[in-house]
Amino acid sequence: MNFFQKTIIGIDFNDYYAQLVEISLKDGKVILESYNRTVLPLEVIRHGEIVDDKRFKEILVSLLSTANPKPATSKNIAIVFPSGKVFTHIFKFPRNLEDDDIKKSLEFEAETVIPFIISDVYWDFTILETDDKSKYVLFVSITKSIADKYCGMLEDIDVVPLIFGVDVEALKCSAISQLKTDEAFLVIDINAFSINYLIIKNSIIKHAFSSSNGAIELIEELSKANSS
């Protein structure tokens, strides 16, 4: 938790709802200060992209001011982007490859798995695990146009987008304190437009996979199966 000194707000966006938590660091402990969740009217966010700028900003202001048990007042914001707009992949590199060399390699390797050129996305990576021969690297990206739109909306209401987050890491952080470190666990997160799968062992993401078939498609398929 060394990415902030006092207080930060995390906001998670979806086509159907937005939710936030405000947390602070006190005496080495993470404290939940405020939380809120609101249903989004149709066509404010469509397939992870903001389409109604004015209404979106009004909802953001309300989300902060009506948080429980008190308004969320921190100016620093961590954004968890809609999972349907985030591209992740785990690459395998030789164990002796240094971080700088991994970064240079990813600039080329990433374009083999994402439908964009690397200059059109914001991206980062983290080393998940190293064994005798290999390093396993989690690559995460989002298009600049989508990220810039969310950041612009937040800046317009006088808050500061400080951290970009994705569901893969958010899921890991939310589950890690509840999992036994010596066992492997499958974590499944079902969203409206995507389903995320994680296998975690020893506090490390072993595998991560996202499907663009979300809860809506799942419910429709179950309905068809039950009616046939």
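The rules behind the values
Residues numbered from 1 in each chain as written. Predicted model: local features only at pLDDT ≥ 70, side-chain atom pairs only at ≥ 80, totals over all residues. Heavy atoms only, no water. Helix = DSSP H or I, 4+ residues; strand = E, 2+ residues; numbered from the N terminus. Buried < 20%, exposed > 50% of the residue type's maximum accessible area, 1.4 Å probe, protein only. Contact = heavy atoms within 4.5 Å. Phe/Tyr/Trp six-rings, centres within 6.5 Å; stacked < 30°, edge-to-face > 60°. Lys NZ or Arg CZ within 6 Å of the ring centre and 35° of its normal. Pairing = 2+ DSSP bridges. Axes fitted to C-alpha atoms, helices over the stretch in contact; angles between N-to-C directions. Parallel < 35°, antiparallel > 145°, perpendicular 65-115°, else oblique. Left-handed = near helix turned anticlockwise from the far one by under 90°. Salt bridge = Lys/Arg side-chain N within 4 Å of Asp/Glu carboxyl O.

The topology assignment puts A147 in helix α3 (residues 144–156). For A147, a relative accessible area of 0% translates into the label buried. On a C-alpha basis, the gap between A147 and F81 in space is 7.9 Å, while along the polypeptide they are 66 residues apart. Not counting chain neighbours up to four residues away, the residues in contact with A147 comprise F81, Y122, I142 and F164.

Okay, the packing of aromatic side chains next. The full count for this structure, using the stated rule, is 10 aromatic pairs. When the ring of F87 is compared with that of F116, the centres are 5.5 Å apart and the planes differ by 70°; the resulting orientation is edge-to-face. Taken together, the positions of F87 in strand β7 (residues 86–94) and F116 in the loop between α2 (99–109) and β8 (121–130) put the pair 29 residues apart, joining distant regions of the chain. Classification of F116 by relative accessible area gives partly exposed; the value is 30%. The rings of F13, F56, F81, Y122, Y150 and F164 are connected pair by pair, giving a single aromatic cluster. Positioned above the aromatic ring of Y17, the side-chain terminus of R37 is 4.0 Å from the ring centre.

What follows concerns the sheet that holds β8. The three strands are arranged β7-β9-β8 in an open sheet whose pairing can be described as antiparallel. Only two strands of the sheet have a single partner each, and these edge strands are β7 and β8. For this sheet the average axis-to-axis angle between neighbouring strands, irrespective of direction, equals 20°. In this structure, β8 lies alongside strand β9 (residues 134–143), joined through nine bridges in antiparallel fashion. Counted as the bridge partner of V121 is T143 from β9. α2 rests against β7, β8 and β9 of the sheet, and its axis sits at about 130° to β8. Sheet strands touched by α3: β8 and β9. Its angle to β9, the strand with the most contacts, is close to 65°.

With that out of the way, let us pick up the packing of helix α1 (residues 53–65) against α3. Look at α1 against α3: their axes get within 10 Å of each other, and the N-to-C directions meet at 60°. Judged by the inter-axis angle, α1 sits oblique to α3. Remark: the crossing between α1 and α3 carries right-handed chirality. On α3, the residues touching D53, F56, K57 and L60 of α1 are K149, Y150, M153, L154 and D156.

Evaluation of the coordinates by the stated rule reveals nine salt bridges. One salt bridge connects E22 with K70, and the closest N-O pair in it is separated by 3.9 Å. Placement of the pair is E22 in strand β2 (residues 17–26) and K70 in the loop between α1 and β6 (76–80), with a sequence separation of 48 residues. Overall, E22 belongs to the buried group, its relative accessible area being 2%. The exposure class of K70 is partly exposed, given its relative accessible area of 36%. A salt bridge links D158 to K75; the nearest nitrogen and oxygen atoms lie 3.4 Å apart. With D158 in the loop between α3 and β10 (160–165) and K75 in the loop between α1 and β6, the pair connects residues that are 83 residues apart, well separated along the chain. Residue D158 is classed as exposed on the basis of its relative accessible area, which comes to 52%.

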